[in-house]
Amino acid sequence: MAELPDLKFWDEWYKAMMGAGVLITIAALAAKNNSVILAGFGFVLFGAGEFINHPFKTRLVDDDWGRRIESGRVSRPKRLGIVLDVAGAGLMALGVWRLIFP
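Residues numbered from 1 in each chain as written. Predicted model: local features only at pLDDT ≥ 70, side-chain atom pairs only at ≥ 80, totals over all residues. Heavy atoms only, no water.

Enquirer: Please clarify how the pairing of strand 2 (residues 66-73) should be interpreted in this entry.
Expert: Side-chain direction in a regular strand flips from residue to residue, so the side chains alternate between the two faces of the sheet. By the bridge criterion, eight bridges tie strand 1 (residues 56-63) to strand 2 in an arrangement that is antiparallel. Bridging from a neighbouring strand, F56 pairs with R73 of strand 2. Here strand 1 folds back onto strand 2 in antiparallel fashion, the turn holding two residues. (Pairing = 2+ DSSP bridges. Helix = DSSP H or I, 4+ residues; strand = E, 2+ residues; numbered from the N terminus.)

Enquirer: Help me understand helix 1 (residues 13-31) in this model?
Expert: For helix 1, which comprises 19 residues, the first-to-last C-alpha distance of 26 Å matches the rise-based estimate of 27 Å (1.5 Å per residue) to within 8%. Taken together, the buried positions of helix 1 are occupied by Y14, K15, M17, M18, G19, G21, T25 and A28. Just past helix 1, the residue K32 takes up positive phi, approximately 60°. (Expected span 1.5 Å × (residues − 1). Buried < 20%, exposed > 50% of the residue type's maximum accessible area, 1.4 Å probe, protein only.)

Enquirer: Would you explain the side chain of S35 in this entry?
Expert: Inspection of the secondary structure puts S35 in helix 2 (residues 34-53). Ignoring any residue separated from it by four or fewer positions in sequence, one finds S35 in contact with G95, R98 and L99. (Contact = heavy atoms within 4.5 Å.)

Enquirer: Could you clarify how one ought to interpret the side chain of E50 in this entry?
Expert: Relative to the helices and strands, E50 is located in helix 2. When neighbours within four sequence positions are excluded, E50 is seen to be in contact with W13, Y14 and D85.

And the structure:
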């Protein structure tokens, strides 16, 4: 029996958004639906922008219980991340607009 794939990469919403956007875009390309292609690609760009805006950080913490290492993703917006967010949101909005009002 085959093992299930490791899903640890999809632990944050913006990574899942990129994956969903890729799947939506591929399906829309197969269906030749330009509006959904725009929305799906917007998902990918927005997710990539948020991924850039949440870099992985590690820090050493000294407290009453001793010294320990904390790590995780923190929000630190970057210019490229903001540009990708705006472009992705715009493409998502344009794709939905074209779906509703053809």
